[in-house]
Structures are given as C-alpha cells and as structure tokens.
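Read off the chains here:
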Amino acid sequence: MQRESQITGTNFDFVDAMSGEEDFAIAFTANVMKLHGKSLDSASNREKYLALADLVRTFLSKRLADTEAAYRQEQKKQVYYLSLEFLPGRLLAANLLNLGLQQVCEQGLRRLNINLAELIDQEEDPALGNGGLGRLAACYLDSMASLGLAGHGCGIRYRYGLFEQRVTDGYQREFPDNWLKEGRNEWEYRRPEETMNVRFGGRVRTIANGKLHFIHENYQQISAVPYDIPIAGYQNEIVNTLRLWSAEVDVTYQACTFDRHGKGCINVIADKHATESLTDTLYPDDSVYEGKLLRLKQQYFLVSASLQSILRKHVVNKADLRLLPEKLSIHINDTHPSLAVAELMRLLLDEYGLGWAESWDITTRTISYTNHTVLPEALEKWPIDLFQTLLPRIYMIVQEINERFCRELWDMYPGDWQKIKAMAIIADGTVHMAALAIAGSHRVNGVSAIHTQILKQKTMSDFYQLTPQKFLNITNGVTHRRWMLLANPDLAQLICEAIGDRWIANPDELQHLLNFAHDNSFCCAMAKVKFANKLRLAKYIQAKYGIAIDTCSLIDSHIKRIHAYKRQSMNVLHIMDLYNRILDNPHADIVPRTFIFAGKAAPGYYKAKQTIKLIHALAEKINHDPLVKNRIKVVFLQNYNVSHAELIIPGSDVSEQIPTASMEACGTGNMKFMMNGAVTIGTLDGANIAIWEAVGDDNIFTFGLTADQVLAYYRNGGYNPWDIYHQDLRVKTVMEQLVNGFFPYPEEFRAHYDAFLNQGDHYFVLKDFAQYVEVQNKLANEFINTELWQKKCIANVAHSGIFAGDRAFAEYALSVWDLAERPPCLRQH
Ligand code: Z16
C-alpha cells in the first residue's frame, strides 16, 4: 500500500523506481481510475488504451524535459525539419519499444488479463501526410532522436487527416478523417504560452528616415498555437519534439457589436470558426500541385510560426543572430515550406534590424532544401496577384531577392536572357518556389542517385552549372526500428538469434546474415516467420473482406498512392493476361498467386479513381470464377495507412515497384519490403537501382525501359502504342477487354483505353508490358523452388542496412547540417 501511494502521487519517482510488471499493473490500474473515474472492470478498451498512453507519456515527459535542458546546457546545434506533412504511424507500440517498456508493459497487463495488442489497436493512425514524403519525415524524426541528435519536426496540426477511403461498388468514396474526435490527442502537449501571431493580407507602407522602414498595416492576424508530440529515441533517454501548429482565434477580447439582425456574438464566433479552418485539412495530392489560396496560407502559417519561435528561442538564449547558422539548421522538405527563405529574411531585416547582405548570408547558410520530384505537375508556381495580396511584405522581399539574383546571373551570363528567365524566381506572372528554395539554400539534395542525376542534368541543370557545390545526393532511408522490430518482431528475434543484436544499433551488420544463406535450419526458420506473417495478413483479409487467400500462394503486393506513373494499371494488365491463359487452357500450369493492392487516389484524379474501379472489376471476375480454381486472387485493401503497411509488408513475398523509369524520385516502400525479405520486381528507377546494386541480379527482378530511354523517347515525341497492339496478341486482347463488355461496364475503362492507345501511352505501359510479363513468369517459377527463394529473401534482408534511415540521416548531419557529432554508423567509415 505504501508503494501504491508513491506510484499514484504526482512526483515522478516511479518513472525511475518502477522495476517490475507488478508495479506497472498497479500504476496502470490507478491511471484508469485517475483519468476516467472508473474501475478497470468497467473501463472500455479505448479507455484502457488512453490510460496506458497517458502512463507512457509520463515517462516521456521527464525525458523530454531532461533532453531539452541538456541541449540547452551543451548549446547543441538544433535541426528544424519543416514539412507540410508528417505520417508518424501509431505511437504507443513505438514508444514502448523505444523506452524499453515493451516487456514490462505486456506482462503487467497480462496480470490484469489485458491483451496489449488489443489496446494498441485502439489508437488512431494520424494521417497527417499523403505518402512517401510525409512518411520519410517521420522516419527521420525517429533516426534523429535515436542517434541522440537535436532534430525536431515543425508541421501543421490538421484537424482532419487525409480522407478516409471506403470503396463501394468498386468506387472510392472519401470521408472526413476525424482523428481528433475527442478534441485532443493523447500524446501531445498544448503550449498556449508559446503562441505566435501570423499576419496575412493588408498593405505595406514604406517610411524613409535614414533607413527604410516597412510598416505592415490592416493585416489579419491569426494565432498559431503549438502542440508538441514527443519523439523518443531508441533506448537512449532522448526525447525530441514534433511541433504541430494549430490556427486559433482568441475571442475573449473581441467586442460583440450588435448588427441590424441583432446577431451579436454569433458573428464574432462564426468568424472565429472561419479563420480557424486554416488548419482543418491536408491537401490530398501526392506530388501534384494545386494552386489553392488556402494551401499557400497553410504554407506561410507553418513557416512564419516556426521561424518566429525558432528565432525567439535563439535570442532568449542570448545567442548572437550572426551565429544562427552555427547554432541551428532549417531544412525544407520539398518546396512546400520554401517561403522560409523570405520569412527568415523578413524577420532578420524587419524584426531584428539587420542589413540585407548580412541577412542573406545568414539565411542561405541556415537553410537547406530537399527536392522530392521531377514531375512537372508537382512544380509549385504561385500567381503573383494571389501571392502579393496574401503576403505583401513577403512579396517585396521575394522581388528584391529575385532582382539581386538576376543581376548576379547577368554578370555570369551577360545577354543570355533566355537562361536568366528560365532561372528567375519571378517570371511569367508567377513565383517559382523551386528557384526560391535553391537560391536561398546552401545545400540542395535529391533523394536517390538517379534522381539527383536527373536534377543536375535536366530539371535543375542551369542551377547546377551556376552553383555545383550546392548539389548532392542523399538516398532516402527508413527506420528499421518501426519496419523491422515493430512490424516484424519474429524476424527481428530470429536475426538476433543468428547474428546477435548489434545490427539494431548498426544495420550494416545485417550483412552477417549472408553466412546463414546456406544454413538449412536458418532458412527454414525464415520461411516459418514469413508463413506466420502471411497467416496474420490472411486472417485480417478474411475477417475484413470475407476473402480466403491461400497462404501458400505467392503474395504479391502493390501498395502506394494510386498514380498513373506508378502503373498499377500495368499490374492489372498482367493479371488479365494470366487470367486469359486460364481461359485459353483451364489446366494451364499457373503458380498460385495472391495480388494485393492498396492505396488512395486523390479525390480529383479521375484516372486514378478509375484504376481502383478496374482493380475491383478484375477481382470480381477472377475471385468468383470456378475455372480459376482459386489459383489467382485479387484483393484491394481499403484505407491504406501506416498500420496497414505494417501488416502487409511482412506478409508479402513480392514487392511491386514498377514506375515509369525517371518518374519515381526514390520510393521508400521498396526499402521496407526488402528489409522484410520480400523480393522486388521493379523498373530501373529511384532506389530500385540502389537495391539492385546491393543485392545483385539474382535477388531482384528488373525489367523495362531505362530512364535514359524514356527521356529519349520524350525528346523525340514518344512512340506509337498501336504498333505494339498489332504485334502482340496478348496486348490486343487485354486492350479489347477493357472496352468490349468483358467487364460488365463497357464504357467504364474508356479513359484507360484511350490513354494507352489514343493518347500515346505517356507512361510506357504497353512498351514495358512484354518484359514485365516475362519477368513475372520467371519470378513465379523461381518462387516454387523454395530453397532458392529463401536465399533471395535472406540476401534482401542482409543487404538492406544501407537503406536504414540512420545512414541517410547521418549523411545529412555530415554534409548538409554540419553537426559536430559523427553518428556511430559513419564513425567507422
Ligand atoms: C511525395 O510523397 C513525394 C514527392 C513529392 O514531391 C511530393 C510528395 Cl507528397 C515522394 C516521391 O514521389 C517518392 O519517390 C519519394 O520516395 C518520397 O517522396 C520521399 O522522398
């Protein structure tokens, strides 16, 4: 009893004192009571989950405060990673793992007859990102904390996450993702005292008295309230923060004048809600630019609030502003937060009174930029009138930056107007955000070798020639802690039994697994783990969709955003062709296969939504056809998110990575599959190339046009898909089936048919089709040779160390942010 009161008390002694599962059980029971006013028996699973999360948060709290104090004392260089998107995934299991509480918690709860997995399942999966870019940001937060480096995320606390996808009759329907339905998130700390004010609209008056002064008037001011989510390092006591800003209006001091309708405070409060809608929703486009005013507002809101609070903290610590680049780095994730360049200039010039040259020097040495795409439709270009009206002072600064930049270009390339115009920050009535980001950064990186090469040689070649020293490649990486230890604990355990646990700190050590490629019992154990994960996935699919899948079949997964360039449609054409082989010969020798698809389509992207319909139409035909005899199954998993990926990836044999070469900047799902022993079928694009180089020809299935070939076709006006239609009967057949009533919707897939045949097959689906089918056949034949296949799986896991986020992050630390510490995985090199 003595101990009980100590545990429930407000002091944090128990954080250190708690040693065993019994303590944990007592503390948990007390927390259910404290939080809900209920005994354990009457609490729901959701309430139990909240009490558990709250208990875990107390552990985080102490470490958060200690980490912050230690950083301050050491005056450690800070990194601020600005991103419009973060996709952290569920946090309970990750926090238990990183805090080293997994076992004590699981066993403590078991004493109370509670299954930890059931509570973990109660957590919402925060969908504050679209896909690769947001998930990458979350992986880097994990790496930064785990390597003990002071790196923090700055983002937006969207009231609603990316829409929830439900499919009815094969059509995607979107529903609001009300992830904060309880009004708050259990991990966050609201910090109203650190509220910043962000100004929009109005006009700028210039006064000259000795020096120019810029007076911003008649603006609308919106409060940005920060919510900090703790990010725990892996068993190292470090807790960094992900700071998410929320738009708020404080109406306490607004008089409610009665208008002629006698509405009084109704109007004030209605205005409050309208203004606060600024941070309501995430734009649902992955690598597509939508020139919406509200999006620009969100970008400036994030940038201005973050920079104000970063600078305030810097000067409160009595540091000299001239030392800013030595004390901190500001990293911009794609061009979305590239207004940071102009906002930092504004703060240094207008708020802190520095001169232009000095401010520009500080700004460019502080900011760095990662480019994530070369797709032209993703390029952010804001119309001047919209930009200037919303951000008048920022526009003046961008103009000045542009003028000075163009003058510099003129000196370099006198008379070359064409080149200068192509590089200008303001041109053709628009503000070019990539040009602003490059001009304002000291480092610009691409995310895979081939992507960086395309940036240097094509997309950004003029900038590369001007300042080659700015450009570098850092191939993306993903956290092996979430994607192996958490998502695939059995595999992690097996690896530890074989090679010890040093790979957890240094994933390069996974290479030692190669010594076991010929060890029969290890290969069997690997196969067993894969089978158990396939079973876990099959159970989920059975429970959710009533579809029975064969766990001995080859599970082939294509999970990512639905996008023409990612070519889900090519996968579909291959499955149609397989099916046609069965229709031609019911006894055809076909390796049993399960094709899994998952992914969201942007709500306004018609062709992507029709691809979802096409997958469902195919599933409907194949899954019920007795001729198929269950040799092929097609499954579409709805509402793809991080949690689904954690379930699907460990249970897959084959990883589909088949974009049109040159279009997928890197890809990160490819790395997660590899870590979990799935074999890639892929085009030579993005990180697929690096995977291929790492595992060698025998352990990956590559095919298709190279990026050089694709780009050469574009230069020469494309190719004629009808040639292939006439040469390859399989292509002719599947094309006809799209529109001839083979599916009970004769006109439904006309857009696909036209894109393939009448609009020049921009994504080279028909061009790559024959090779894709060939490699699929080869792959299936090798899959049934279990021994051979196991070796491929092992090779993939063994070579996946270079794709750990820690390696990627360490490269940023060394080459971009100039951090003093050399993270362990770089120290040996
Ligand atoms: C995004 O997810 C990506 C690029 C982009 O410009 C915008 C968004 Cl929302 C993706 C790339 O498509 C992908 O290849 C890459 O792996 C990922 O960003 C992370 O770099």
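The rules behind these values
- Residues numbered from 1 in each chain as written.
- Predicted model: local features only at pLDDT ≥ 70, side-chain atom pairs only at ≥ 80, totals over all residues.
- Heavy atoms only, no water.
- Pairing = 2+ DSSP bridges.
- Helix = DSSP H or I, 4+ residues; strand = E, 2+ residues; numbered from the N terminus.
- Buried < 20%, exposed > 50% of the residue type's maximum accessible area, 1.4 Å probe, protein only.
- Polar contact = N/O pair within 3.5 Å; in protein donor to acceptor, adjacent residues only side chain to side chain.
- Arc of directions from axis to C-beta.
- Contact = heavy atoms within 4.5 Å.
- Near = heavy atom within 4 Å.
- Areas by Shrake-Rupley, 256 points an atom, 1.4 Å probe, with all protein chains shown as cover.
- pLDDT = per-residue confidence, 0-100.
- Core = buried A, V, L, I, M, F, W, Y, C linked by side-chain atoms within 4.5 Å.
- Domains from an automatic or database assignment.

Colleague: Give me the lowdown on the sheet that holds strand E15 (residues 430–432), citing residues and values where you can.
Modeller: Strand order in the open sheet formed by three strands is E13-E15-E14, with antiparallel pairing between adjacent strands. Looking at which strands have only one partner, the edges of the open sheet turn out to be strand E13 (381–383) and strand E14 (426–427). Alignment of E14 against E15, held across two bridges, turns out to be antiparallel. Opposite Ile 426, over in E15, you have Val 431 as the bridge partner.

Colleague: Can you lay out the environment of Trp 503 for me, pointing to particular residues and giving the numbers?
Modeller: Secondary-structure assignment places Trp 503 in helix H22 (residues 502–505). Relative accessible area serves as the criterion here: at 0%, Trp 503 is assigned to the buried category. Each C-alpha atom of the pair Trp 503 and Ala 492 lies 9.8 Å from the other, and the pair is 11 residues apart in sequence. A distance of 3.3 Å separates the side chain of Trp 503 from the backbone oxygen of Gly 500, its partner in a polar contact.

Colleague: Mind laying out helix H6 (residues 102–111), listing which residues take part and the relevant values?
Modeller: Those residues of H6 lying buried are Val 104, Cys 105, Gly 108 and Leu 109. Here the buried residues of H6 occupy an arc of 120 degrees about the axis, which is enough to place them on one side. Relative to its buried face, H6 has exposed residues pointing more than 90 degrees away, namely Gln 103 and Arg 110. Residues of H6 that are buried make contact with helix H3 (21–36), helix H4 (45–74), helix H5 (92–99) and helix H7 (116–120).

Colleague: A description of the site of the ligand should follow, citing residues and the corresponding values.
Modeller: In the vicinity of the ligand there are 16 residues, among which Asp 334, His 372, Asn 476, Glu 664 and Gly 667 approach most closely. Within the side chain of His 372, an N or O atom sits 2.6 Å from an oxygen atom of the ligand. One of the side-chain nitrogen or oxygen atoms of Tyr 565 is found 3.3 Å away from an oxygen atom of the ligand. Bound to the protein, the ligand loses 97% of the 460 Å² it would expose on its own.

Colleague: Quick one: what's the story with the confidence of the model for the protein, residue by residue and with numbers?
Modeller: Looking at the protein as a whole, its pLDDT mean stands at 95, while 96% of the residues score no less than 70. Contacts of residues 825–829 to residues separated by more than four positions or lying in other chains number 10 contacts, the stretch itself having pLDDT below 50.

Colleague: Explain the environment of Leu 293 residue by residue, including any values.
Modeller: With respect to the helices, strands and loops of the structure, Leu 293 is situated in helix H10 (residues 293–316). Relative accessible area serves as the criterion here: at 41%, Leu 293 is assigned to the partly exposed category. With 190 residues separating them along the chain, Leu 293 and Gln 103 place their C-alpha atoms 49 Å apart.

Colleague: Requested: an account of the nonpolar core, with residues and values cited.
Modeller: Membership of the largest hydrophobic core comes to 272 residues, with the highest contact counts inside it found for Phe 28, Leu 52, Phe 387, Met 735, Leu 738, Phe 743 and Leu 766. In terms of residue count, the dominant contributor to this core is H4 (10 residues). When residues are assigned to domains, this core turns out to be shared by domain 1 (75–90 + 125–476 + 812–827) and domain 2 (512–704 + 768–802), each giving three or more. Apart from the residues within four sequence positions on either side, Phe 387 is in contact with Leu 296, Leu 339, Trp 382, Ile 394, Tyr 395, Val 398, Val 431 and Met 433.

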